[in-house]
Amino acid sequence: MPAFEGDSFPGFGLTAEESNRMIELDNKDEMTETEEEESAQLYEKYDAVVDLALNLAEGTELSADEQKIYDDAMRVVYEKSWHLANYVKSLSPEKRPEPAIGNNVLRSQYVGSELPPMDDAAWDTLEAGYFPLVGQVVIEPRQFNPTIDAVNVKSFYNDTEVAFLFTWDDRTHTTDETDEETGKTLEDALAVQFPVKIPQGPTAPKPYFLWGGRLPVYLWHWKASAPEQVTELTAKGINNVEVQEAQGELKAQGTYTNGRYKLWVKRALKTDDKKDLQLESGVFVPIAFSAWDGANGDVDTKRVMTSWYTFVLEPVPSSKRFIYPPLIALLSVGFLFGLRAFVLRRNSEEA
């Protein structure tokens, strides 16, 4: 999450000014005799209040003066704790978003121009699709303690390309660390999964959501150590994955800021590779995600992931919607004038 910009917690039993002064003295390479004496006095005050807290925890009864000193110290801790709690709550949406299922599928919006880059304000006009992530507990090694709970996705497309913006929270930025037990490389990563062939109809079988099986899946795999590179994979099972020989011209940009990853990916709607997913407007496509938190020991099958959700390139609005209303209005006016003329003529003939 973003850094808490409020005052830091002061030393226990110290005022904010005393705490800042103690830190300032500690950071000095050399102190004068006066500064050393000042530092010792601050630490003496700090240690005395800590001792009171330890005595109270062990069941020792404090005197009235000692209890007041302890209560004053804890009052500051409680106040700062509530400030931090309120700050964390302010980062949450007022209402938890609904998963992108049913009518709430991920809808890519059409634009008639170049697709927006990652930091373009156009992305702010879209509502993100929300995809909850859960630990993979089917195959060893399993993840029973996940730290990434969701990925949010937005998308635009034009006549030739599609762009996605993925965001997810991760408390640590981990790249190329080694697991001491297994010797494997740990790092943060994200994978986006599609079927190689789109199921023809809602009842047609999909590939197994754990990276395919008899029916293969097509994957984009991104790693934090290479933020501007996405690798195309084909999988027929979670342990049966191969890198495609022909890598398409996917463009990517990834950033990590204040505990949040942002990944922008752009690809052509149509490619010459039969192992790639081919996209067209109005067709509902299964989509799924996997994410790895390297600092949490995620590697290989130990990850968080989703089952299948749905993605669609929203059909381009027809220009006919601008023609029909005035046309109907003109026909209605013409009908009324014709009816009026008919009534007047009939009345004149009867007269």
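Conventions we followed
Residues numbered from 1 in each chain as written. Predicted model: local features only at pLDDT ≥ 70, side-chain atom pairs only at ≥ 80, totals over all residues. Heavy atoms only, no water. Buried < 20%, exposed > 50% of the residue type's maximum accessible area, 1.4 Å probe, protein only. Helix = DSSP H or I, 4+ residues; strand = E, 2+ residues; numbered from the N terminus. Pairing = 2+ DSSP bridges. Axes fitted to C-alpha atoms, helices over the stretch in contact; angles between N-to-C directions. Parallel < 35°, antiparallel > 145°, perpendicular 65-115°, else oblique. Contact = heavy atoms within 4.5 Å. Nonpolar A, V, L, I, M, F, W, Y, C, P; charged D, E, K, R; others polar.

K.L.:
Help me understand the pairing of strand β9 (residues 217–223), please; the structure alone is not making it clear to me.
P.N.:
The element β9 is extensively covered by neighbouring structure, given that six of its seven residues are classed as buried. Where strand β8 (residues 189–195) meets β9, seven bridges bridge the pair, whose relative direction is antiparallel. From the neighbouring strand, Pro-195 faces β9, where its bridge partner is Val-217. Linking β9 back to strand β10 (residues 230–235) in an antiparallel pair, the connection comprises six residues.

K.L.:
I keep staring at the packing of helix α2 (residues 33–57) against helix α3 (residues 64–90) and nothing clicks. Help me out?
P.N.:
The angle between the axes and the distance between the axes are what describe a pair of packed helices. Axis separation between α2 and α3 bottoms out at 10 Å; the angle between their running directions is 105°. Regarding the angle of α2 to α3, the classification is roughly perpendicular. Contacts between α2 and α3 involve Val-49, Leu-52, Ala-53 and Leu-56 from the first element and Glu-66, Gln-67, Ile-69, Tyr-70 and Ala-73 from the second. Grouping the constituent residues of the contact of α2 with α3 by class yields seven nonpolar, one polar and one charged.

K.L.:
What exactly am I supposed to notice about unusual backbone geometry here?
P.N.:
The amide bond that connects Glu-140 to the next residue, Pro-141, takes the cis arrangement and shows omega of -10°. You can see Pro-141 is positioned in the loop between β3 (134–135) and β4 (150–157). Look at Asn-258: it is not a glycine, yet its phi comes out positive at around 50°. Along the chain, Asn-258 falls in the loop between β12 (251–257) and β13 (260–268). A positive phi angle, near 55°, is found at Asp-300, a position not held by glycine. Examined against the element boundaries, Asp-300 turns out to sit in the loop between β14 (284–292) and β15 (304–305).

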